[in-house]
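# What the coordinates show
Each chain, written out:
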Amino acid sequence: MSLRDFLERFRPTGTPGAAAVGVPADRTAERAAELEPALARLTDVQREAARIRAAADEAAEALRRDAALEAARVVADARERAPEVRRQAAAPALADARREAAEMRAAGERAAEAVRERARERLPGLVNRTVAEALRPITNTSTGTGTGTGIGGTP
C-alpha cells in the first residue's frame, strides 16, 4: 500500500459541518470498477489479436509452401529447358568451329592437291631415273674387277 492510499483513508467523507458517520472511500474498488469494462474489452482485443496472429501465421505458412512449390516448378522447368538452352548457347561456337574446320579441310585439300600436282610433274623424271638405275649394270665391288656381271653374279 502506498502512502497516498494510506492518507486517503483519513480524508473526510462528507461535507464539512456536523459530524457524520461514514465509511472511508475505497479508491481501489472504485478504480477496479472503473477499469474493469476497459480491461474486459482489452481481453477481447487480445483474443482478437491472437486470432489475427494465428491466421497470419497460417497465411505465411501457406505462402511459404506455395513459394517452395513454385520454386520447385521453376527448377524443374529450368532443368528441362537446360539442354535446349545449352544447345542454343553453343550454336554460334559450333558454327564457328564447323566453319573453321571447313576452312582447314579446304586448306588441307589445296595442300594435298599441290603435293599431287608436284608428284605428277616429278613422276616421269623419277620413273626415268629409276628405270635407268635399274638397267645400269651392277659392278662387283667386292672382287674389285668391275666386270659388269648381271644380277645374282651371272654373266
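The residue numbers shown here count from 1 along each chain, following its written sequence. For this predicted model, a pLDDT threshold of at least 70 governs which residues receive local features, and a threshold of 80 or more governs which side-chain atom pairs are given and counted, while totals over whole chains, interfaces and linings are taken from all residues. Heavy atoms throughout the structure, all of them, feed into the side-chain values; hydrogens and water do not.

## Quick look at the pattern of salt bridges
Between Lys or Arg on one side and Asp or Glu on the other, a salt bridge is scored when a side-chain nitrogen of the former is within 4 Å of a carboxyl oxygen of the latter. Following the criterion strictly, the structure yields twelve salt bridges and no others. We note a salt bridge from Arg81 to Asp77, for which the minimum N-O separation is 3.7 Å. With Arg81 and Asp77 both in helix H2 (residues 27-135) and four residues apart, the pair spans about one turn of that helix. Arg136 is paired through a salt bridge with Glu133; the nearest N and O atoms lie 2.9 Å apart. The network of salt bridges with common partners includes Glu113, Arg116, Glu117 and Arg120. Put simply, DSSP marks the helices as runs of H or I at least four residues long and the strands as runs of E at least two long, and each gets a number from the N terminus on.

## Describing the confidence of the model for the protein
Each residue carries a pLDDT score, the predictor's confidence in it, ranging from 0 to 100. With 79% of its residues at a pLDDT of 70 or more, the protein shows a mean pLDDT of 82. Should any heavy atoms of two residues lie within 4.5 Å, those residues are considered in contact. Note on residues 146-150: pLDDT is under 50 here. Beyond four places in sequence and across chains, it has four contacts.

## Things to note about a nonpolar patch on the surface
Like-charged residues within 9 Å of one another, or nonpolar side chains (Val, Leu, Ile, Met, Phe, Trp, Tyr) within 5 Å, are grouped into patches, provided each residue has over 30% relative accessible area and no salt bridge. Reported accessibility uses the Shrake-Rupley method at a 1.4 Å probe radius. Residues are deemed covered only where the shown protein chains occlude them. Taken together, the side chains of Met1, Leu3, Phe6, Leu7 and Phe10 define a hydrophobic patch exposed on the protein surface, amounting to about 630 Å² of accessible area. Secondary-structure assignment places Phe10 in the loop between helix H1 (3-8) and H2.

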